[in-house]
Amino acid sequence: MLIIPIYAKVSKGDIAGNDDISVLGKVDGTITLKDSVLTIEESGNVKANIFARLVNVIGEVTGNIDAGEKIIIHEDGNVTGDMTAPKIILKDGSYFKGNVSMTSGKVDEEPAKTEMNKPA
């Protein structure tokens, strides 16, 4: 896949696409990359709700992150907001303030049958 760097001093609005994106500047809005990777580089500052397959945070994010596969907050990465993903990794030296929701990673999964919800 093509990696598209965003260098803008301030990019306001919604960003969506199918390619991997690296943010090196400031973004304010919503980022939707359902099947792609979003990387917030060290110089990146994002104020947005993020929807992506995989999210790497090396810079700063203020907003909720919803990842289909994984969220990684690297050393010196900073996230303020809620995170939802099957795998969430907080590396030493990272900062996180918000709520975490671990998902199964399977979207339309039927609930497992247990003794309590089996028909009598």
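Please read these numbers as outputs of a predicted model, since none were measured by experiment.

S.K.: Explain the overall build of the protein chain here, please?
M.R.: Along its length, the protein chain carries 0 helices and 12 strands. The order of helices and strands in the protein chain, counted from the N terminus, is β-β-β-β-β-β-β-β-β-β-β-β. Here the protein chain holds 120 residues, and 34% of them are scored as buried. A separation of at least 24 residues holds for 1% of the contacts in the protein chain among residues at least 6 apart in sequence.

S.K.: It is not clear to me how the side chain of Asp20 should be interpreted in this structure. Could you clarify?
M.R.: When you line up the elements, Asp20 lands in strand β3 (residues 20-23). Of the side chains with opposite charge, Arg53 comes closest to the buried, unpaired Asp20, at an N-O distance of 4.9 Å. A polar contact of 2.9 Å, which involves the side chain of Asp20, links it to the backbone nitrogen of Val37.

S.K.: I'm lost on the nonpolar core in this one. Help?
M.R.: Proteins that are soluble and globular tend to have nonpolar side chains buried together. Counting 23 residues, the largest nonpolar core has Ile31, Leu38, Val46, Ile50, Ile65 and Ile71 as the members making the most contacts within it. At the level of secondary structure, the elements contributing two or more residues to this core comprise β3, β4 (26-40), β5 (45-57), β7 (65-73) and β9 (83-85). In this view, Leu38 contacts Ile21, Val23, Ile31, Leu33, Ile50, Ala52, Leu54, Val55 and Asn56; residues no more than four positions away in its chain are not counted.

S.K.: Explain the environment of Gly68 here, please?
M.R.: If you trace the backbone, Gly68 turns up in strand β7. Sequence-wise, Gly68 and Leu54 are 14 residues apart; in three dimensions their C-alpha atoms are separated by 6.7 Å. Ignoring sequence-local partners within four residues, the contact set of Gly68 consists of Ala52, Arg53 and Pro86.

S.K.: Before we go on, may I ask you to explain a negative patch on the surface in this structure?
M.R.: There is a patch of like negative charges on the surface, built from Glu42, Glu75, Asp76 and Asp92. Topologically, Glu75 is positioned in the loop between β7 and β8 (78-80). Given the relative accessible area of 54%, Glu75 is considered exposed.

S.K.: Any chance you could explain the pairing of β5 here in plain terms?
M.R.: A regular strand places its side chains on the two faces of the sheet in alternate fashion. Two elements, β4 and β5, share 12 bridges in a ladder whose sense is parallel. Counterpart to Leu38 in the pairing with β5 is Val55. Examined bridge by bridge, β5 and strand β6 (residues 60-62) share 3 bridges and lie parallel to one another. Pairing of Val46 across the sheet is with Val61, part of β6. Bridge analysis of β5 against β7 gives 7 bridges, and the strand direction is parallel. By the bridge assignment, Val55 is partnered in β7 with Ile71.

Analysis parameters
Residues numbered from 1 in each chain as written. Predicted model: local features only at pLDDT ≥ 70, side-chain atom pairs only at ≥ 80, totals over all residues. Heavy atoms only, no water. Helix = DSSP H or I, 4+ residues; strand = E, 2+ residues; numbered from the N terminus. Buried < 20%, exposed > 50% of the residue type's maximum accessible area, 1.4 Å probe, protein only. Contact = heavy atoms within 4.5 Å. Lys, Arg positive; Asp, Glu negative; His and termini not counted. Salt bridge = Lys/Arg side-chain N within 4 Å of Asp/Glu carboxyl O. Polar contact = N/O pair within 3.5 Å; in protein donor to acceptor, adjacent residues only side chain to side chain. Core = buried A, V, L, I, M, F, W, Y, C linked by side-chain atoms within 4.5 Å. Patch = residues over 30% accessible without salt bridge, like charges linked within 9 Å, V, L, I, M, F, W, Y side chains within 5 Å. Areas by Shrake-Rupley, 256 points an atom, 1.4 Å probe, with all protein chains shown as cover. Charge placed at Lys NZ, Arg CZ, Asp CG, Glu CD. Pairing = 2+ DSSP bridges.

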